[in-house]
Amino acid sequence: MEFKIFHIRKDSSPPYNTEREEVLPMDGLLVVLEHHFYELEFHYFELPVDVQVRIDGVEIEDSLVKNDINNGVITIGLGQHFSNQLGVVKVSCGSESFQVRVDASKLSSEDAESMITYLYKKNKSVIMKLFTKDDEEFEDGSPNNNVLSITRLSPLDAFINNMEAMLPELAHSPRYSTVQKREIQDFATANIDNQSIDWLIEHLDELYFDDSLKDHPDAIEINGQYTVIDRIDAPVIKMEYATYENECILGGFYWARKLIDDLLTHIDHLNEQKNYFQADGNGYATFESAQVIINAQAIEDVNELKTRLYRVERKYRQLLPNTKPNVYPPKLTKQFSSVNLYSNIFLSLLQVYNLKIDTDSSASSMKTSFLDQIYEMYTYYQLKDALLECFKDYNVRIEEDEVEEGEFIPKRISIIPVKGKWMMNFLYQPQIGREPKDTHLVLHGKPHRDSFYYTPDFVVEYMDPHLSLRYGILDAKYKMAKTVLEQDLKEASFKYYTCVRVIGEKRDHQKPDFLWLICPNACYGRPVWTMNYDEHFLPIIGIVMNNAESNDPIKQCIKKMMKEWSVGV
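Since we're looking at a predicted model, the values are computed, not measured.

(A) Quick look at the overall build of the protein chain. In terms of regular secondary structure, the protein chain is built from 12 helices and 28 strands. Evaluated residue by residue, the protein chain yields a buried proportion of 46% over its 569 residues. A sequence separation of at least 24 residues applies to 71% of the contacts in the protein chain between residues at least 6 apart. Counting only carbon and sulfur atoms, one obtains 48% of the accessible surface of the protein chain, whose full area is about 30,300 Å².

In structure tokens form, the structure reads like this:
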């Protein structure tokens, strides 16, 4: 089966001519841009049993699929088939699959790296969650706990945590053997035997004899002369910690250190291979440019694990002196199996010995569909920073809701004055339904029939001392500003203005004061574009640019809200 992609360009003015150009391979891969329009063709010699077409596992709508049996061509109709993708995606038709490289056309390489770096500094968990697949997302459907990669350090982290947790119990009852040795000891407390007497006779010339010592309580007489014996050779029972089990414990640390060193070497090798920009210099954001940040994250996290590992290993070495590591996989002994503590240690040791480094993790564990989520999270923190900046000179306290299970950011951040009755809330994905839930916003009129509630990305809520409620609704759109203006603004105005009101206010139909749609580029060259002829009247509905190059438009919009609502006055 042969796979072809055709880039479709249509003029924006009459007579709306259409150009159809085949996408040719670059470095062995077909390269497309995420928001452009394409048609796909699968040419076959024998009719495949399964003609279902999927892009990264997502089925293409049947209405777009046309199978020309006479010419042996399956055609996928015009569409933005690679929207929101970045990286190498798999396009399949039945059992046949092909790889396509997708670059982000709405962001430059510099923008993508700046946004991801900003998010990484704000919340590492968010960036790793958005970039990496969950265990259930892998093709085999089951997690592999024996795989260690730049995006999956949890198995090694678990080993360190387990060994650290078991250290206090081991300190009270470590495995040891007893051996009898001889050493020079205090004469008063030594367990003297025949060999001690022999040693004393051999060292008589080292004793000091003096008649003045006759009355000393510890004096002894030898051949009519008096001396005091301070030290003598005597037997002593010693605890020997160099047992097989303890040697295996230190061997586990040796193996963990080797894994860390090998992983750092692998990351260095990856960085040497990376090309941050495409060879043709078009400046679009590539998967490689995004993965540079992932590698930076991995280096920092791996070095942090390395420091923790050395700290825990040093404590074990102090607890088990004179013990050399056994660097071979441990064997189950009676001590390992019969003592509960050592049984748990044995399982942890097996875990680290079974770990393997996945040198192909960049292809197997990285998501390709995440750009809209990256942009949404980037906008969240930009808005949060802009809000907090407005109150940097106020005497306020910041309260954040507990992060819900499975989430990485709080649903609500409240700004409350130390002295005063007003409150500012910043909400992430609040639900707006027929009854008040997360806010005092409710649906009314005739919303979409299939909508039980609306969920905007962000809501800014202000309650003033007179218990008046004011609202601003903001929605992040990872789309070109022209598309937002032509396709999203009208729908958003209907949803969040026409069909939403503030409940409990004196005015029966009080509406949100602001509705901003936020996108990566300027609308017709204007960073802030509004529908209003006069921005002194509410509501204000418009489109705001927000990207790594400039966040001033976002700041100005937040400041305008604060000014209109006379916050803190």
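Following the structure, the description resumes.
(B) Fine view of the sheet that holds strand S21 (residues 423–428). Reading across from one edge, S19-S20-S21-S23-S24-S26-S28-S27 is the order of the eight strands in this open sheet, with mixed pairing throughout. Strand pairing shows two members of the sheet lacking a second neighbour, strand S19 (396–400) and strand S27 (528–530), which therefore form its edges. Averaged over all pairs of adjacent strands, the angle between their axes in this sheet comes to 15°, without regard to strand direction. Bridging between strand S23 (residues 458–463) and strand S24 (residues 469–476) involves six bridges; their strand directions are antiparallel. Residue pairing for S24: phenylalanine 458 is matched across the bridge by leucine 474. Its contacts with the sheet put helix H10 (residues 371–390) on S19, strand S20 (412–417), S21, S23, S24 and strand S26 (514–519), and the angle it makes with S21 is roughly 170°.

(C) The packing of helix H3 (residues 154–172) against helix H8 (residues 340–353), seen in detail. Where H3 meets H8, the axes come as close as 10 Å, and the angle between the chain directions of the two elements is 160°. Taken together, the axes of H3 and H8 are roughly antiparallel relative to one another. Read as a crossing pair, H3 and H8 show a hand that is left-handed. Residue-level contacts link Pro155, Leu156, Ala158, Phe159, Asn162, Met163, Met166, Glu169 and Leu170 of H3 to Leu341, Tyr342, Asn344, Ile345, Ser348, Leu349, Gln351 and Val352 of H8.

(D) Quick look at the nonpolar core. Counting 48 residues, the largest nonpolar core has Met424, Met561, Met562 and Trp565 as its most contacted members. With 10 residues, the single largest contributor to this core is H10. The contacts of tryptophan 565, once residues within four sequence positions are left out, are Met424, Val460, Tyr462, Arg470, Tyr471, Gly472, Asp513 and Phe514. If you look at the next biggest cluster of nonpolar residues, it comprises 36 residues, including Ile160, Ile249, Val302 and Leu320.

(E) Geometry of the pairing of S20. Of all the six residues making up S20, five are buried; the element is thus mostly covered by neighbouring parts of the structure. Relative to S20, S19 is paired through five bridges, and the arrangement is antiparallel. Across the sheet, residue glutamate 400 finds its bridge partner in S20, namely isoleucine 413. Of the strand pairs in this sheet, S20 and S21 are connected by four bridges, and their pairing is antiparallel. Looking at S21, one finds that isoleucine 415 is bridged to methionine 424. Between the end of S20 and the start of S21, which pair antiparallel, lie five residues, with glycine 420 showing a positive phi angle near 145°.

(F) Just the pairing of S21, in detail. Across the six residues that make up S21, a large majority, five, are buried. Pairing of S21 with S23, which is carried by six bridges, proceeds in the antiparallel orientation. Bridge assignment links asparagine 425 to a residue of S23, and that residue is glutamate 461.

Cut-off values and rules
- Chains are numbered independently. Their residues run from 1 in the order of the written sequence.
- Local features in this predicted model are restricted to residues whose pLDDT is 70 or higher, and side-chain atom pairs enter the listing and the counts only when it is 80 or higher, whereas totals over whole chains, interfaces and linings include all residues.
- Side-chain calculation: all heavy atoms of the structure are included, whereas hydrogens and water are not.
- Starting at the N terminus, helices and strands are each numbered in turn, a helix being any DSSP run of H or I of at least four residues and a strand any DSSP run of E of at least two.
- Only protein chains enter the accessibility calculation, which uses a 1.4 Å probe; a residue whose area is less than 20% of its type maximum is buried, one above 50% is exposed, and one in between is partly exposed.
- Throughout, a residue-residue contact means that at least one pair of heavy atoms, one from each residue, lies within 4.5 Å.
- Only the protein chains shown count as covering a residue, and every accessible area follows the Shrake-Rupley method with a 1.4 Å probe.
- In short, DSSP must find at least two bridges between two strands for them to pair.
- All axes are obtained by fitting lines to C-alpha atoms, using only the stretch in contact for helices, and the reported angles, taken between N-to-C directions, cover 0 to 180 degrees.
- We call two directions roughly parallel when the angle between them is under 35 degrees, roughly antiparallel when it is over 145, roughly perpendicular when it lies between 65 and 115, and oblique otherwise.
- Here a crossing is taken to be left-handed if its near helix is turned anticlockwise relative to the far helix by less than a right angle, and right-handed if that turn runs clockwise.
- Residue types Ala, Val, Leu, Ile, Met, Phe, Trp, Tyr and Cys, when buried and joined through side-chain atoms within 4.5 Å, form a set referred to as a nonpolar core.

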